[in-house]
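Read off the chains here:
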Amino acid sequence: MKKNILITGGAGFIGSHVVRLFVTKYPTYKIVNADALTYAGNLENLNEVEDKGNYVFEKADITDGQTIDDLFLKYHFDAVIHLAAESHVDRSIMDPLSFVKTNVLGTGILLNACRVHWKDRMEGKLFYHVSTDEVYGSLGKEGFFTEETRYDPRSPYSSSKAGSDHLVRAYFHTYGLPVVISNCSNNYGSHQFPEKLIPLAIRNIKNNKPVPVYGKGENIRDWLWVNDHARAIDFIFHQGKKGETYNIGGFNEWKNIDLIHLLCEIMDRKLKREKGTSAKLITFVTDRAGHDLRYAIDAAKLNKELGWKPSVRFEEGLEKTVDWYLENEAWLGHVTSGAYQQYYEDQYVKRK
Ligand code: NAD
Ligand code: DAU
């Protein structure tokens, strides 16, 4: 079936995996990747698909209503998969308003474009909003986030994502816009910008630099292989019920410090270093402000209703991730030149 699909944020980490999957798996879909190419967007992530006939890139800022309107007029979209966002919690602590602008206003502008351009025929249309488990707040030692968990976001990032989720539901209830939302746990894998824990630690270990662990490393995250997130988005896009929310997670909780130790063991092996060498780089640093203790997703609904489950064990996915970063030094070099140095200085050197 032919469809014109707008994917926002397709030059970022998860977006590039989603674009790659959709362009190659669905040759009858035209995929329009609209991305502002912020520090996190990188067209190198899309080398494999850039020459495909069913792929188009448009440099576009989702907070610019006119540009988004022009894209809708040009391509007559049947669906939107919305991933563009400011995505890093530490940056949201440094600069909260840019998160409000991109994540809340940007989502509002996209929703409104759908409302206006689809007003005569909503049937067959879909606005798919990609969100995060962080909207649910922080868990104690027990329990899981389900789709019924009350929203309790605690960082500027998660509250801006929560705001965007609320807007999406408001457009469903008020205007009958066909929407679906998914809330996913922490992703890892290739092409992730090295401001996030795993790629930052891989890079630092490789360069014999301190590996910063916030607080005592006791915080827990539920890690999912990014390709499994892209697969889940495919399942939900094609089979999800309108107006519904689906939680996506790996059933894979790790304390940060245990994850870093596992990563150090893998890196020692890959770099042929004596066992225990990389672990000596672990450095405990000042904790993140408002640091959520634990996230854990109950993804039973997605499994029972749509048949999705993760395909890759964490240990295997982490090895593949390490291999990718070691084999793609040029990629890492490009994304860490320039502005990355200033960010690293502000986040890790000045605040020590
Ligand atoms: P990312 O930071 O790697 O990529 C974000 C992309 O959005 C970049 O390509 C950037 O250029 C683009 N972008 C930013 N502002 C824009 C704007 N104003 N207009 C157009 N494009 C803009 O993010 P990611 O980790 O790939 O996350 C993608 C989405 O998934 C986000 O909505 C995030 O909240 C959500 N999410 C991420 C995770 C995770 O673990 N990374 C987990 C759950 C949900
Ligand atoms: O849960 C989903 C979320 O996961 C996504 O919505 C976000 O976009 C994504 O960035 C991620 O958020 P986190 O804050 O959990 O990811 P991050 O990689 O920044 O941190 C993971 C954990 O590691 C967290 O407890 C903070 C800690 N940490 C992070 C960094 C960057 C460190 O100890 N040291 C670090 O240098």
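A brief structural summary. (Residues numbered from 1 in each chain as written. Chains lettered and ligands numbered in written order. Predicted model: local features only at pLDDT ≥ 70, side-chain atom pairs only at ≥ 80, totals over all residues. Heavy atoms only, no water.)

1. Remarks on the environment of Gly243
Stage number 1. Following the sequence through the fold, Gly243 ends up in the loop between helix H7 (226-239) and strand S10 (245-248).
Stage number 2. Note on Gly243: relative accessible area 27%, which makes it partly exposed.
Stage number 3. Taking the C-alpha atoms as reference points, Gly243 and Val168, 75 residues apart in sequence, are found 9.1 Å from one another. (Helix = DSSP H or I, 4+ residues; strand = E, 2+ residues; numbered from the N terminus. Buried < 20%, exposed > 50% of the residue type's maximum accessible area, 1.4 Å probe, protein only.)

2. What about the site of ligand 1?
Stage number 1. Of all residues adjacent to ligand 1, which total 28 residues, the nearest are Ile14, Asp35, Ser87, Tyr157 and Lys161.
Stage number 2. Note that an oxygen atom of ligand 1 is positioned 3.1 Å from one of the backbone N or O atoms of Phe13.
Stage number 3. At 2.8 Å, a backbone N or O of Ile14 approaches an oxygen atom of ligand 1.
Stage number 4. Look at ligand 1: alone it shows 830 Å² of surface, and the protein chains cover 96% of it. (Near = heavy atom within 4 Å. Polar contact = N/O pair within 3.5 Å; in protein donor to acceptor, adjacent residues only side chain to side chain. Areas by Shrake-Rupley, 256 points an atom, 1.4 Å probe, with all protein chains shown as cover.)

3. A word on the side chain of Lys301
Stage number 1. For Lys301, the position within the fold is in helix H9 (residues 300-306).
Stage number 2. Judged by relative accessible area, Lys301 falls into the buried class, the value being 17%.
Stage number 3. Polar side-chain contacts of Lys301 include one of 2.7 Å to the backbone oxygen of Thr245.
Stage number 4. Ignoring sequence-local partners within four residues, the contact set of Lys301 consists of Glu147, Glu244, Thr245, Tyr246 and Leu306. (Contact = heavy atoms within 4.5 Å.)

4. Some points on the sheet that holds strand S11 (residues 253-255)
Stage number 1. In spatial order, the strands read S7-S9-S11; together these three strands make up an open sheet with mixed pairing. Edge positions in the open sheet fall to strand S7 (186-188) and S11, since each of these has one partner strand only. Averaged over all pairs of adjacent strands, the angle between their axes in this sheet comes to 50 degrees, without regard to strand direction.
Stage number 2. Sheet topology places strand S9 (residues 220-225) next to S11; three bridges connect them, and they run antiparallel. Residue pairing for S11: Arg221 is matched across the bridge by Trp254. (Pairing = 2+ DSSP bridges. Axes fitted to C-alpha atoms, helices over the stretch in contact; angles between N-to-C directions.)

5. A look at the nonpolar core
Stage number 1. Membership of the largest hydrophobic core comes to 42 residues, with the highest contact counts inside it found for Ile5, Phe22, Ile81, Tyr128, Phe237 and Ile248.
Stage number 2. Among all residues touching Ile5, those that are not within four sequence positions of it are Phe22, Tyr29, Lys30, Ile31, Val32, Phe77, Ala79, Ile81 and Phe237.
Stage number 3. Phe193, Met267, Val312 and Tyr344 belong to the second largest nonpolar core, which has 36 residues in total. (Core = buried A, V, L, I, M, F, W, Y, C linked by side-chain atoms within 4.5 Å.)

6. Quick look at the packing of aromatic side chains
Stage number 1. Throughout the structure, instances matching the rule amount to 23 aromatic pairs.
Stage number 2. Between Trp254 and Phe314, the aromatic rings sit 5.1 Å apart at their centres with planes inclined by 45 degrees, giving tilted as the arrangement. Here the residue Trp254 occupies a position in strand S11, and Phe314 occupies one in helix H10 (residues 314-327), the gap between them amounting to 60 residues. Exposure class is identical for Trp254 and Phe314. Each is buried.
Stage number 3. Members of the aromatic cluster, joined through ring pairs, are Tyr39, Phe193, Tyr214, Tyr340, Tyr343, Tyr344 and Tyr348.
Stage number 4. The ring centre of Tyr344 lies 4.3 Å from the NZ or CZ of Lys209, which sits over that ring. (Phe/Tyr/Trp six-rings, centres within 6.5 Å; stacked < 30°, edge-to-face > 60°. Lys NZ or Arg CZ within 6 Å of the ring centre and 35° of its normal.)

7. Quick notes on the packing of helix H1 (residues 13-25) against H7
Stage number 1. Two elements in contact, H1 and H7, have axes separated by 9 Å at closest approach and are oriented at 55 degrees. Taken together, H1 and H7 sit at an angle that is classed as oblique. At the point where H1 passes H7, the crossing takes the right-handed sense. Residues Phe13, Ile14, His17, Val18, Leu21, Phe22 and Lys25 of H1 form the contact with H7, whose own contacting residues are Val226, Asn227, His229, Ala230, Arg231, Ile233, Asp234, Phe237 and His238.
Stage number 2. Per-class residue counts for the contact of H1 with H7 are nine nonpolar, four polar and three charged. (Parallel < 35°, antiparallel > 145°, perpendicular 65-115°, else oblique. Left-handed = near helix turned anticlockwise from the far one by under 90°. Nonpolar A, V, L, I, M, F, W, Y, C, P; charged D, E, K, R; others polar.)

8. As for the site of ligand 2
Stage number 1. If you check the shell around ligand 2, you find 25 residues, and the closest are Thr132, Asp133, Tyr157, Arg288 and Tyr348.
Stage number 2. For ligand 2, an oxygen atom lies 2.8 Å from a polar atom in the side chain of Glu134.
Stage number 3. The separation between an oxygen atom of ligand 2 and a polar main-chain atom of Tyr214 is 2.8 Å.
Stage number 4. Isolated, ligand 2 exposes 690 Å² of accessible area, and the fraction of that covered by the protein chains is 95%.
Stage number 5. Within the residue set of the shell around ligand 2, elements represented by two or more residues are helix H3 (89-94), helix H6 (197-206) and strand S8 (211-214).
Stage number 6. Broken down by class, the residue content of the shell around ligand 2 amounts to ten nonpolar, eight polar and seven charged.

9. Observations regarding unusual backbone geometry
Stage number 1. Positive phi is not limited to glycine here, since Asn208 has a value of about 55 degrees.
Stage number 2. Topologically, Asn208 is positioned in the loop between H6 and S8.
Stage number 3. Phi is positive for Phe251, which is not a glycine, with a value near 45 degrees.
Stage number 4. For Phe251, a relative accessible area of 51% puts it in the exposed group.

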